[in-house]
Amino acid sequence: QVQLVESGGGLVQAGGSLRLSCAASGRIFNIRTLGWYRQAPGKQRELVASITSSGSTNYADSVKGRFTISRDNAKNTVYLQMNSLKPEDTAVYYCNAELRSTYYTNWQDYWGQGTQVTVSS
C-alpha cells in the first residue's frame, strides 16, 4: 500500500549536476529515515546518504562535499542534489524509506524502482 517514485536521473557530463527526487505515497503514518543507495555494474549496493526525521544526515566518504540530501516532510519527499559529478558516480540510484504505514504496527523498509545516473568523461 506504499510506493516510492523516483525521478531526476539521466546522462550528464563530468562536472555537471543532477537532482534526484523520491516521493512516498500511500497509507503512510510516519516516516523515520530516508536514504539514497546506489549500485554500479559489478559492485554491491552501497549507502550514499541518509537523513533522519530530526534532520541528522550521513554521507558516504566518496560523496562528501559534493552531494546534499534533504527532505520535505509535508510532501513525503526526499531529494539528493548531486554536484561535481564524476564517472565513478555512474550507477542505478535507489530511494529507501523506513516508515510505518496505517496497515502495519511496526517499522518497515520500502524501496523505489531505481533511476539510472550516467556520468560521461
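Everything that follows concerns the structure shown earlier in this document.
Residues numbered from 1 in each chain as written. Predicted model: local features only at pLDDT ≥ 70, side-chain atom pairs only at ≥ 80, totals over all residues. Heavy atoms only, no water.

**Some remarks on the overall build of the protein chain**
Then, in step 1: On a plain count of helices and strands, the protein chain comes out with zero helices and 11 strands.
Then, in step 2: Whereas a compact globule of 121 residues would reach a radius of gyration of roughly 14 Å, the protein chain reaches 14 Å, a difference of no more than 12%.
Then, in step 3: The proportion of buried residues among the 121 residues of the protein chain is 41%.
Then, in step 4: Of the accessible surface of the protein chain, which amounts to about 6,600 Å², a share of 44% is contributed by carbon and sulfur atoms. (Helix = DSSP H or I, 4+ residues; strand = E, 2+ residues; numbered from the N terminus. Rg over C-alpha atoms; globule rule 2.2 N^0.38 Å. Buried < 20%, exposed > 50% of the residue type's maximum accessible area, 1.4 Å probe, protein only. Areas by Shrake-Rupley, 256 points an atom, 1.4 Å probe, with all protein chains shown as cover.)

**What about the side chain of Thr115?**
Then, in step 1: Within the secondary structure, Thr115 is located in strand β11 (residues 115–120).
Then, in step 2: Classification of Thr115 as buried rests on a relative accessible area of 12%.
Then, in step 3: Look past the residues within four positions of Thr115 in its chain and what remains in contact with it is Glu6, Gly9, Leu20, Ala91, Val92 and Tyr93. (Contact = heavy atoms within 4.5 Å.)

**A look at the sheet that holds strand β8 (residues 77–82)**
Then, in step 1: Taken together, four strands build an open sheet; the order of strands is β1-β3-β8-β7 and the sheet is antiparallel. Two strands close off the open sheet at either side, each with one partner strand: β1 (2–7) and β7 (67–72). Looking at each pair of strands side by side, their axes are set apart by 15 degrees on average, direction ignored.
Then, in step 2: Relative to β8, β7 is paired through six bridges, and the arrangement is antiparallel. When the bridges of β8 are listed, Phe67 appears paired with Met82. (Pairing = 2+ DSSP bridges. Axes fitted to C-alpha atoms, helices over the stretch in contact; angles between N-to-C directions.)

**Remarks on the environment of Ala60**
Then, in step 1: Among the structural elements, Ala60 can be located in the loop between β6 (57–59) and β7.
Then, in step 2: Separated by 44 residues in sequence, Ala60 and Tyr104 have C-alpha atoms that sit 31 Å apart.
Then, in step 3: Filtering out sequence-adjacent residues up to four positions away, Ala60 remains in contact with Leu47 and Val48.

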